[in-house]
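Inside the fold
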Amino acid sequence: MSAAPVLVAQGLVGGYVPEVDILRGCTLTASDGEVVVVIGPNGAGKSTLAKAIFGLITLREGTVTLRGDDITGAAPHQVTSKGMSYVPQVANVFGSLTVQENLEIGGVLRRNLMRERMDAMMSLFPRLGERRRQRAGTLSGGERQMLAMARALMPDPSVLLLDEPSAGLAPRAVGEVFDTVAEINAAGVTIVMIEQNARRALALADRGYVLEGGQNRFEGPGPSLLTDPQVAELYLGGAGAGERPEPPPRVGS
Amino acid sequence: MEEFLNTSINGLSSGAIYALGAIGLSLVYGILKLVNFAHGDFMTLGGYVAFAVNVSAGMPLVVAFLAALVVVAALGVALEVAIWRPMRRKGAGVMQLLLLSIGLAFVIRNLILFQWSGATRSLDVDQFQAWNPFGDVVITRIQVIVIVTAGVVLVGVAVMLRSTLIGKSMRALSDSFDLAEVSGVNTRRIVLYTWVLAGSLAGLAGVLAAVYTTLTPNTGWFLLLSIFAAVVLGGIGNAYGALVGGIVLGLAQEWSTMVIQPTYKEAVGFVVLILVLLVRPQGIFGQARTL
Ligand SMILES: Nc1ncnc2c1ncn2[C@@H]1O[C@H](COP(=O)(O)OP(=O)(O)OP(=O)(O)O)[C@@H](O)[C@H]1O
Ligand SMILES: [Mg+2]
């Protein structure tokens, strides 16, 4: 694994309001074709890291580069146009738009590819094809997550940033999400995935990061993090224990 | 039956005017979280621009319509660039934006008063020409103008929102601004288009209101309450809902005059509103927020 780094976030410091830093110097890199997983307790700043990478919050320090291009402070639509897509943790589909309209919005930057990409998404997610004219707000949780990923894949990105794609889903749907992520990655898309199903996600990961208090706590190859006794103790609910229980539902992100 | 048809024609006329006003108000709220109290005065301004062109300058009504559309759309864009965008960038909340819009409403109204005085004006249309298709059913020339113009424009707007990428982007922004932004939508541009749409529809509504009744500096302000009701009735932020809400409200108000005093018809609008909200708190077309 010595592929070139695609996404490099270096020493990020920032938050939502002046003088309150949620991110306190965290760092993340993803190389071409990798699956990189970020885990950490609730409130660690994982979603904030994703938003910072995507230009949704203003950074006080640090840089983000995509294939060597400095995208620190770029507008989100500019980041998308440079080949990275993002699936937020909450509110990740347009509920009042139909499935097809959601995909069309996903494809606004690549209008010439619209038909081709739409067909590709319908074959990657056949269930969305059946629900083309249905409003996204009426989909099941699993279908909605599929639509959110499909919407993000419409511009044919080379990097996909996913924030807890399996949160709140039924066990079968969780399995489907992980299978789909593996499939997307196999097609050559670099994946950065924040997850709370830490065991499953790390098992899939080339590399993993453990974030806590807005800082990197551990990092390393996915499987080795899984077997690291300290990580297991702190974040995997103890060696051999089951997955972390579902956190209670929260408002906002 | 004839009374029903006559009140329906009246209801469609005022409902069409509400609908034209409500679409823009609803889209602007949905997208920018701005409860624009100046929207009524946008309408009034449209009426006076038409008055200036049609009466003061003696040009045809069609030219007056177009002038009103252009001037009010331009005002919408200018205010976005000069006030709303900088306010949002500074993190202004819903309350600050709302209060600012009330202030703006008074400024526009007083400028109108200053320019055109408070006298009651009307446009150069034949108020009395009417047809009698059958029985006692009467439809006036001005009702034909209002219903046909509004009908064509409303259908056009509905098609635009439904089938063009700009229309879909507007609905996407109204649904979730950030998600539209990360999807690659150029939100700044779509916001400007939204002001063009909201402004020109408000301008048109103002001219039609002036055609249908008369024009004073308070015309739009008085219509605004019913238009807010139409917006809420249709589901706040939902443009199709605002369209339907406006027409339903206009019809309900006029139908009510068959059984009660016409002076109460505005109150009837609010009774309808309350009844609908009791059954569907999210409005006719609104969806319960699930995320
Ligand atoms: N929009 C916001 N405005 C202000 N503070 C916020 C906002 N969103 C999150 N925070 C705060 O930032 C901190 C980190 O939140 P973040 O959502 O990044 O955590 P997370 O690691 O994604 O947690 P989870 O696993 O629960 O999703 C928390 O203390 C949270 O209260
Ligand atoms: Mg989160």
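**Some details on the overall build of chain B**
Helices and strands together make up the secondary structure of chain B, namely eleven helices and two strands. Relative to the 2.2 N^0.38 estimate, which gives 19 Å for 291 residues, the radius of gyration of chain B is 19 Å and therefore close to what a compact globule would have. Once the C-alpha set of chain B is aligned to its principal axes, its extents read approximately 60 × 45 × 35 Å. Here chain B holds 291 residues, and the buried ones make up 52% of them.

**Considerations on the interface of chain A and chain B**
The interface of chain A with chain B comprises 25 residues on the first partner and 21 residues on the second. Here chain A meets chain B over a buried area of about 2000 Å², counting both sides, of which 61% is carbon and sulfur. Where chain A packs against chain B, one counts two salt bridges. Put simply, Glu104(A) and Lys168(B) hold a salt bridge, and the shortest N to O gap is 2.4 Å. The tally of links from chain A across to chain B stands at six residue pairs in polar contact (both at pLDDT 80 or more). For the side of chain A that touches chain B, the elements supplying multiple residues, two or more each, are α2 (76-81), α3 (99-106) and α6 (141-153) of chain A. Ranked by the residues each element gives to the side of chain A that touches chain B, the list is headed by α3(A), at four residues.

**Examining the packing of helix α9 (residues 219-234) of chain B against helix α11 (residues 265-279) of chain B**
Residues and elements named next belong to chain B. Running from N to C, α9 and α11 point in directions that differ by 20°, and their axes come no closer than 10 Å. Relative to α11, the element α9 is oriented roughly parallel. Viewed along their axes, α9 and α11 form a crossing whose handedness is left-handed. Across from Leu 225, Ser 226, Ala 229, Val 232 and Leu 233 in α9, the residues of α11 making contact are Glu 266, Phe 270, Val 272, Leu 273, Val 276 and Leu 277. For the contact of α9 with α11, the per-class residue count stands at nine nonpolar, one polar and one charged.

**Comments concerning helix α1 (residues 46-53) of chain A**
Owing to its 3.6 residues per turn, the α-helix aligns residues three or four sequence positions apart on the same side. All names here are of chain A. Buried residues dominate α1, accounting for eight of its eight residues. By the burial criterion, the buried members of α1 are Lys 46, Ser 47, Thr 48, Leu 49, Ala 50, Lys 51, Ala 52 and Ile 53. Where α1 terminates, the next one or two residues include Gly 55, which has phi positive at roughly 75°.

**Looking at the environment of Val192(A)**
All names here are of chain A. Tracing the sequence through the fold places Val 192 in strand β8 (residues 190-194). Once the C-alpha coordinates of Val 192 and Asp 163 are considered, the two residues, 29 residues apart in sequence, prove to be 8.5 Å apart. With residues up to four places along the chain from it excluded, the contact list for Val 192 reads Leu 7, Leu 28, Ala 30, Val 36, Leu 160, Leu 161 and Leu 162.

**Considering the coordination of the magnesium ion (ligand 2)**
Residues and elements named next belong to chain A. Of the protein atoms, only Ser 47 (OG) and Gln 89 (OE1) coordinate the magnesium ion (ligand 2), at distances of 1.9 to 2.1 Å. You can see Ser 47 sitting in helix α1 and its partner Gln 89 sitting in the loop between β6 (84-87) and α3, a full 42 residues away along the chain. For the pair shown, Ser 47 and Gln 89 are each scored as buried.

**Brief notes about the nonpolar core**
Among the nonpolar cores identified, the biggest contains 122 residues, and Leu7(A), Leu12(A), Ile53(A), Met84(A), Ile17(B) and Ile23(B) are the most heavily contacted of them. Considering every element that reaches this core, the biggest residue donor is helix α8 (residues 187-212) of chain B, with 15 residues. With sequence-adjacent residues up to four places away left out, Ile17(B) is seen in contact with Met43(B), Val146(B), Ala205(B), Leu208(B), Ala209(B), Tyr212(B) and Leu223(B). Formed by 46 residues, the second largest nonpolar core is a distinct cluster that contains Val35(A), Leu139(A), Ala152(A) and Leu153(A).

**Looking at the sheet that holds strand β5 (residues 69-70) of chain A**
All names here are of chain A. With respect to topology, four strands assemble into an open sheet ordered β2-β1-β4-β5, the strand pairing being antiparallel. Across the chains shown, the open sheet's two edge strands, defined by having one partner strand only, are β2 (23-31) and β5. Here strand β1 (residues 5-14) pairs with β2 via seven bridges, running antiparallel. In the strand pairing of β2, Gly 14 is matched with Leu 23.

**Regarding the pairing of strand β4 (residues 59-66) of chain A**
All names here are of chain A. Inspection of the sheet shows β1 paired to β4 by six bridges, in the antiparallel sense. Bridge pairing in β4 places Gln 10 opposite Thr 63. For β4 and β5, the ladder comprises two bridges, and the chain directions are antiparallel. Along β5, the bridge assignment pairs Thr 65 with Asp 70.

**Points about a nonpolar patch on the surface**
A grouping of Met1(B), Phe4(B), Trp255(B), Met258(B), Val259(B), Ile260(B) and Tyr264(B) is seen on the molecular surface, where their side chains present a nonpolar patch of about 730 Å² in accessible area. With respect to the helices, strands and loops of the structure, Trp255(B) is situated in helix α10 (residues 239-256).

**Points about unusual backbone geometry**
Of note in this structure, Asp156(A) is not a glycine but carries a positive phi near 60°. Its location among the elements puts Asp156(A) in the loop between α6 and β7 (159-163).

**Some points on the environment of Tyr29(B)**
Residues and elements named next belong to chain B. Positionally, Tyr 29 belongs in helix α1 (residues 2-32). C-alpha of Tyr 29 to C-alpha of Val 211: the two residues are 182 residues apart in sequence and 28 Å apart in space. Those residues within four positions of Tyr 29 in sequence are excluded, and the remaining contacts are Leu 34, Val 35 and Ile 236.

**Focus on the pattern of salt bridges**
It is possible for side chains bearing opposite charge to pair when their charged atoms get close. Residues and elements named next belong to chain A. This structure, assessed with the given rule, holds 16 salt bridges over all chains. Where Glu 176 meets Arg 127, a salt bridge forms, and the shortest distance between an N and an O atom there is 3.7 Å. In this pair, Glu 176 is assigned in helix α7 (residues 171-186) and Arg 127 in helix α5 (residues 126-130), connecting sequence segments 49 residues apart. Take Arg 127: its relative accessible area is 32%, and that puts it in the partly exposed class. Among the ionic pairs, Arg 217 bridges to Glu 212, the shortest N-O distance being 2.4 Å. Arg 217 sits in the partly exposed class, given a relative accessible area of 42%. Among the charged side chains, a network of salt bridges with common partners joins Arg 127, Arg 131, Glu 143, Arg 172 and Glu 176.

Quick notes on the rules
Residues numbered from 1 in each chain as written. Chains lettered and ligands numbered in written order. Predicted model: local features only at pLDDT ≥ 70, side-chain atom pairs only at ≥ 80, totals over all residues. Heavy atoms only, no water. Helix = DSSP H or I, 4+ residues; strand = E, 2+ residues; numbered from the N terminus. Rg over C-alpha atoms; globule rule 2.2 N^0.38 Å. Buried < 20%, exposed > 50% of the residue type's maximum accessible area, 1.4 Å probe, protein only. Contact = heavy atoms within 4.5 Å. Buried area = accessible area lost by both parts, 1.4 Å probe. Salt bridge = Lys/Arg side-chain N within 4 Å of Asp/Glu carboxyl O. Polar contact = N/O pair within 3.5 Å; in protein donor to acceptor, adjacent residues only side chain to side chain. Axes fitted to C-alpha atoms, helices over the stretch in contact; angles between N-to-C directions. Parallel < 35°, antiparallel > 145°, perpendicular 65-115°, else oblique. Left-handed = near helix turned anticlockwise from the far one by under 90°. Nonpolar A, V, L, I, M, F, W, Y, C, P; charged D, E, K, R; others polar. Donors = N, O, S within 2.8 Å, 3.2 Å for Na, K, Ca; no water. Core = buried A, V, L, I, M, F, W, Y, C linked by side-chain atoms within 4.5 Å. Pairing = 2+ DSSP bridges. Patch = residues over 30% accessible without salt bridge, like charges linked within 9 Å, V, L, I, M, F, W, Y side chains within 5 Å. Areas by Shrake-Rupley, 256 points an atom, 1.4 Å probe, with all protein chains shown as cover.

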